[in-house]
Amino acid sequence: MQALEYCQQKAAASGSSFLTGFRFLPKQKRDALTVLYAYCRELDDVVDDCSDANVAMTTLNWWQQELLAVFAPNVQPEHPVMQALAAVVSSFGLLENELQDVIDGMRMDLTQARYATYADLQVYCQRVAGSVGRMTARILGFTHPQTLDYADQLGLALQLTNIIRDVGEDARRGRIYLPMTDLQQFDVPAGLILQATGGTTFDALMRFEVTRAQQCYRDAVALLPPADAKAQKVGLILAAIYYALLLEIDRDGAGHVLQYKLAIPGPRKLRIALKTWLWGFHP
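Definitions and cut-offs
Residues numbered from 1 in each chain as written. Predicted model: local features only at pLDDT ≥ 70, side-chain atom pairs only at ≥ 80, totals over all residues. Heavy atoms only, no water. 1 Å grid on protein atoms, 1.4 Å probe; cavity = no way out; pocket = protein on both sides within 12 Å on 5 of 7 lines; lining within 4 Å. Points joined across faces, edges and corners; volume = space filled by probe spheres on them. Helix = DSSP H or I, 4+ residues; strand = E, 2+ residues; numbered from the N terminus. Nonpolar A, V, L, I, M, F, W, Y, C, P; charged D, E, K, R; others polar. Salt bridge = Lys/Arg side-chain N within 4 Å of Asp/Glu carboxyl O. Buried < 20%, exposed > 50% of the residue type's maximum accessible area, 1.4 Å probe, protein only. Phe/Tyr/Trp six-rings, centres within 6.5 Å; stacked < 30°, edge-to-face > 60°.

Student: Would you take a moment to explain the layout of surface pockets for this structure?
Tutor: Taking a probe equal in size to a water molecule and rolling it over the atoms shows the remaining empty space. Volume-wise, the second largest pocket comes out at about 270 Å³. Put simply, the parts of the chain that give the lining of the second largest pocket at least two residues each are α12 (233-252) and α13 (266-279). A per-class count over the lining of the second largest pocket returns seven nonpolar, three polar and four charged.

Student: Any chance you could explain the pattern of salt bridges here in plain terms?
Tutor: Pairs can form between side chains of opposite charge once their charged atoms are near each other. In the structure shown here, the tally under the stated rule is 19 salt bridges. In this structure, the salt-bridge partner of D48 is R173, at a minimum N-O distance of 3.4 Å. With D48 in helix α2 (residues 27-49) and R173 in the loop between α8 (167-172) and α9 (180-185), this pair connects stretches of sequence that are 125 residues apart. A residue is classified by how much of its surface remains accessible, and R173, at 42% relative accessible area, is partly exposed.

Student: Just to check I follow, could you spell out the packing of aromatic side chains for this structure?
Tutor: Geometry of an aromatic ring pair is reported as the spacing of the ring centres plus the angle between the planes. A full pass over the atoms with the stated rule returns eight aromatic pairs. Between Y115 and Y124, the aromatic rings sit 5.5 Å apart at their centres with planes inclined by 40 degrees, giving tilted as the arrangement. The buried category is assigned to Y124, whose relative accessible area is 3%. Both rings, one in Y115 and one in Y177, keep their centres 5.9 Å apart while their planes meet at 15 degrees; by these two values the pair is stacked. Here Y177 lies in the loop between α8 and α9 and Y115 lies in the loop between α5 (96-111) and α6 (118-140), a separation of 62 residues in the sequence. According to the relative accessible area criterion, Y115 is buried, its value standing at 0%. Owing to a relative accessible area of 7%, Y177 belongs among the buried residues under this scheme. By way of ring pairs, the aromatic residues Y115, Y124 and Y177 are connected into one cluster.

The values reported here are purely geometric and, on their own, carry no functional implication.
Set out below in structure tokens:
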């Protein structure tokens, strides 16, 4: 199997919303984003699928060596994702430190199950999502450096949405990404989340988290220079889909995230994508 074909299969198997907007792109950019997504998916799978933290850390260290091989002269990475990534790095000028950030974020998942403050959580979000946003912006193309700030902020908004959607699933793994200071503010004991018992104080906490995430989307769009809005439209499609998910969680009752995960059906994703492609994203 060729390296790109492996990445395409890896991405397709996920069914992620990230893939919805890719079809609007020319082949080279579509393939590059597919490879970047496959890279992130491989690293995420290490954390989610490996029950032994020591084995997972050893595996991430192996991926670290693969990343070094991507940037080393006359060295061929072993894994097909990294072989495909080497070509993307060459074509689009992706930076080693931004690819490294993703690995560092996955390491945080193995060593840290709580975040004391929102500022602490933002460090994690920047590594696992902001860096991906910046790399996506590089692949899509931009003329104004502020577009990278937009990409960082959009990554934060998307990751906060993931965190809100996955509160129950993460709790079953012993993880709480919601800042401890937020739990204290709303008088929500960590044990209440871990036991999935919910309650009125938890509902209030989740409404607060939804409102914060909504503002992050607005802040991101405000940062995007008009000159780069057309080039970055695929990122805006993703933002529109995730923003719709956030609104759906809010309408359903954000406290229900402890019991189940909501998702946007495929046909609706396509409708949102087409609407955003034609008229933009206005949170």
